[in-house]
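For reference, the chains in residue letters:
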Amino acid sequence: MDILVLGGDGYLGWPTAMYLSKRGHRVGVLDNFAKRRWEMELNVEPLIPILTLHDRVKVWRELAGRTLELFVADLRNYEAVKSVIQSFKPEAIVHCGEQPSAPYSMMDHNRGVFTQTNNIVGTLNLLWVLRDYAPDCHLVKLGTMGEYGTPNIDIEEGFIEIEHEGRRDVLPYPKQPGSFYHLSKVHDSHNILFACRTWKLRSTDLNQGVVYGIETDETALDSRLATSFHYDDVFGTALNRFCVQAVAGVPLTVYGQGGQSRGFLNLCDTLRCLELAILNPAQAGEYRVFNQFTEIFNVSELAALVKQQGEKLGLRVEIRHLDNPRLEAEQHYYNPRHRKLIALGLVPHLLSDVLLESMVERIREHTQRIKKDIILPRVRWKRDAHATQAGAGAPVVAGIGRD
């Protein structure tokens, strides 16, 4: 199958491209490298050094004997998107090509507006191009469980049957996003649903939980194929960050009471979920939603697991509760469904001592690269009475991790 991966330079996009290529698909990767610019703005970097996308594509060809077709383009540029789609002629598109961080979107006016402009306009351009030049292409969009928020009822997979005033209907599940980033994903979902209904496009929206992990079978082939593992307070995620803190001797930062529950999944399972969606495509006119996670933990549970494993490895690990920089419920009901991917054949890699140990040991190999000053949260969701407005170039950072 001919598959185009948008955001192919990123934490998820790069291993996805190799994974699909190794399985015999013709794969293209597209990126505009904006994420690397955002990292430079904030003076953060992946823990493990990564090559440029051009160089990684070259290494993959040398080691695996497979070619990844590389495109440099910005999804906000309609003509550039059209040119790539007409040239590559994809049968499926994996869309990871958006600004991925809730904290980044909450830093200041410019970054909040940019997040929504970048994400929504890029996806809209893609939908229009698919309508006119690739109407049969299956769009597999990486969404987020954060679209739902934490309602006091069970979370269904995208849609819910409602009875009101004696009448029944199946409607999109109500959304309660917690940041401008999550709001951008909600707008994407609405736009894609509309395009499928109106233009008979086909799309699978993968509402993904928080991803953890450093390696896949493909990245482990050679250090030059590493993906961008982040641990900072903007682009890092909770479990990844906790493991780095344990190695660095920095107290594990639990925000507030630590009862915030989320769905989690291993990086390797993300790749398998994407593959299952591609191999079992939506029908023309169909917009479907899969909740993509394998386990549920709250923040305190994750911290306790990392502390326990770190101490087994001889590390002194402390847990510290901080004032929560976000506006969110710290104790809440959380029961989301995740049946559809399991029904398609997903066999999860559950979090285990073995997996945690391998993560910690891998991180230990790069202890000297850990920047302790980029871990703690430094900007709050709620505007402080004494806060000053930050301009686009101000070196501020924020939040608790992407999702």
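Residues numbered from 1 in each chain as written. Predicted model: local features only at pLDDT ≥ 70, side-chain atom pairs only at ≥ 80, totals over all residues. Heavy atoms only, no water.

Engineer: Would you mind going over the environment of Gly236 with me for this structure?
Structural biologist: Looking at where Gly236 falls in the secondary structure, it is placed in the loop between strand 9 (210-212) and helix 8 (238-248). Relative accessible area serves as the criterion here: at 0%, Gly236 is assigned to the buried category. Between the C-alpha atom of Gly236 and that of Asp154, which follows or precedes it by 82 residues, the distance is 28 Å. (Helix = DSSP H or I, 4+ residues; strand = E, 2+ residues; numbered from the N terminus. Buried < 20%, exposed > 50% of the residue type's maximum accessible area, 1.4 Å probe, protein only.)

Engineer: Hey, could you run me through the pattern of salt bridges in this one?
Structural biologist: Where charged atoms from two side chains of opposite charge approach closely, those side chains can pair. Scanning all chains against the criterion turns up 34 salt bridges. Salt-bridge contacts for Asp132 lead to Arg131; the nearest nitrogen and oxygen are separated by 2.8 Å. We classify Arg131 as partly exposed; its relative accessible area is 33%. Here Glu215 makes a salt bridge to Arg362, at a shortest N to O gap of 2.6 Å. With a gap of 147 residues between them, Glu215 in the loop between strand 9 and helix 8 and Arg362 in helix 12 (residues 353-364) connect regions that are remote in the sequence. A network of salt bridges, in which partner residues are shared, links Lys22, Arg23, Glu218, Arg272 and Glu275. (Salt bridge = Lys/Arg side-chain N within 4 Å of Asp/Glu carboxyl O.)

Engineer: What should I look at first to understand the pairing of strand 4 (residues 92-95) in this one?
Structural biologist: Two faces make up the sheet, and in a regular strand the side chains alternate between them. Of the two faces of strand 4, both are covered, the one formed by Ala92 and Val94 as well as the one formed by Ile93 and His95. In this structure, strand 1 (residues 2-6) lies alongside strand 4, joined through four bridges in parallel fashion. Looking across to strand 4, one finds that Ile3 is bridged to Ala92. (Pairing = 2+ DSSP bridges.)

Engineer: Quick question: what am I supposed to make of the packing of helix 1 (residues 13-22) against helix 3 (residues 53-64) here?
Structural biologist: Relative placement of two packed helices is described by the angle separating their axes and the distance separating the axes. The geometry of helix 1 relative to helix 3 is characterised by a closest axis approach of 12 Å and an angle of 25 degrees between their N-to-C directions. It follows from the interaxial angle that helix 1 and helix 3 lie roughly parallel. The handedness of the crossing between helix 1 and helix 3 is right-handed. Residues Trp14, Met18, Ser21 and Lys22 of helix 1 form the contact with helix 3, whose participating residues are Leu53, Arg56, Val57 and Trp60. Of the residues in the contact of helix 1 with helix 3, the class split is five nonpolar, one polar and two charged. (Axes fitted to C-alpha atoms, helices over the stretch in contact; angles between N-to-C directions. Parallel < 35°, antiparallel > 145°, perpendicular 65-115°, else oblique. Left-handed = near helix turned anticlockwise from the far one by under 90°. Contact = heavy atoms within 4.5 Å. Nonpolar A, V, L, I, M, F, W, Y, C, P; charged D, E, K, R; others polar.)

Engineer: It is not clear to me how unusual backbone geometry should be interpreted in this structure. Could you clarify?
Structural biologist: Trans peptide bonds make up most of the peptide bonds, and negative phi angles are found at most residues other than glycine. Positive phi, close to 55 degrees, is recorded for Lys89, a residue that is not glycine. Tracing the chain through its elements places Lys89 in the loop between helix 4 (78-88) and strand 4. Despite not being glycine, Lys200 shows a phi value in the positive range, around 65 degrees.

Engineer: Help me understand the side chain of Asp222 in this model?
Structural biologist: If you trace the backbone, Asp222 turns up in the loop between strand 9 and helix 8. For Asp222, the side chain forms a polar contact with the main-chain nitrogen of Arg224, separated by 2.8 Å. (Polar contact = N/O pair within 3.5 Å; in protein donor to acceptor, adjacent residues only side chain to side chain.)

Engineer: So what exactly am I meant to see when it comes to the sheet that holds strand 4 here?
Structural biologist: Adjacent strands of a sheet form backbone hydrogen bonds with each other and so pair up, either parallel or antiparallel. With parallel pairing, the seven strands of this open sheet are ordered in space as 3-2-1-4-5-8-12. In this open sheet, the two edge strands, each paired with only one partner strand, are strand 3 (68-72) and strand 12 (287-292). Adjacent strand axes in the sheet meet at a mean angle of 20 degrees when their direction is disregarded. Where strand 5 (residues 138-144) and strand 8 (residues 202-208) come together, seven bridges link them in parallel fashion. Its bridge partner lying in strand 8, Leu142 is registered against Leu206.

Engineer: Where do I start with the nonpolar core in this structure?
Structural biologist: Soluble globular proteins tend to bury their nonpolar side chains together. One finds Ile363 and Ile370 to be the most contacted residues of the largest nonpolar core, which totals 45 residues. Within the residue set of this core, elements represented by two or more residues are helix 2 (34-42), strand 9, helix 8, strand 10 (252-255), helix 10 (299-312) and helix 12. With eight residues, the top contributor of residues to this core is helix 8. Judged by nonpolar contacts, the second largest core, of 36 residues, contains Tyr11, Leu12, Phe33 and Val94. (Core = buried A, V, L, I, M, F, W, Y, C linked by side-chain atoms within 4.5 Å.)

Engineer: Before we go on, may I ask you to explain the packing of helix 8 against helix 12 in this structure?
Structural biologist: Interhelical geometry of helix 8 versus helix 12 gives an angle of 55 degrees and a closest axis separation of 9 Å. Accordingly, the angle class assigned to the pair helix 8 and helix 12 is oblique. At the point where helix 8 passes helix 12, the crossing takes the right-handed sense. Where helix 8 approaches helix 12, its residues Leu239, Asn240, Cys243, Val244 and Val247 are matched on the opposing element by Leu356, Met359, Val360, Ile363 and Arg364. Residue composition of the contact of helix 8 with helix 12, by class: eight nonpolar, one polar and one charged.

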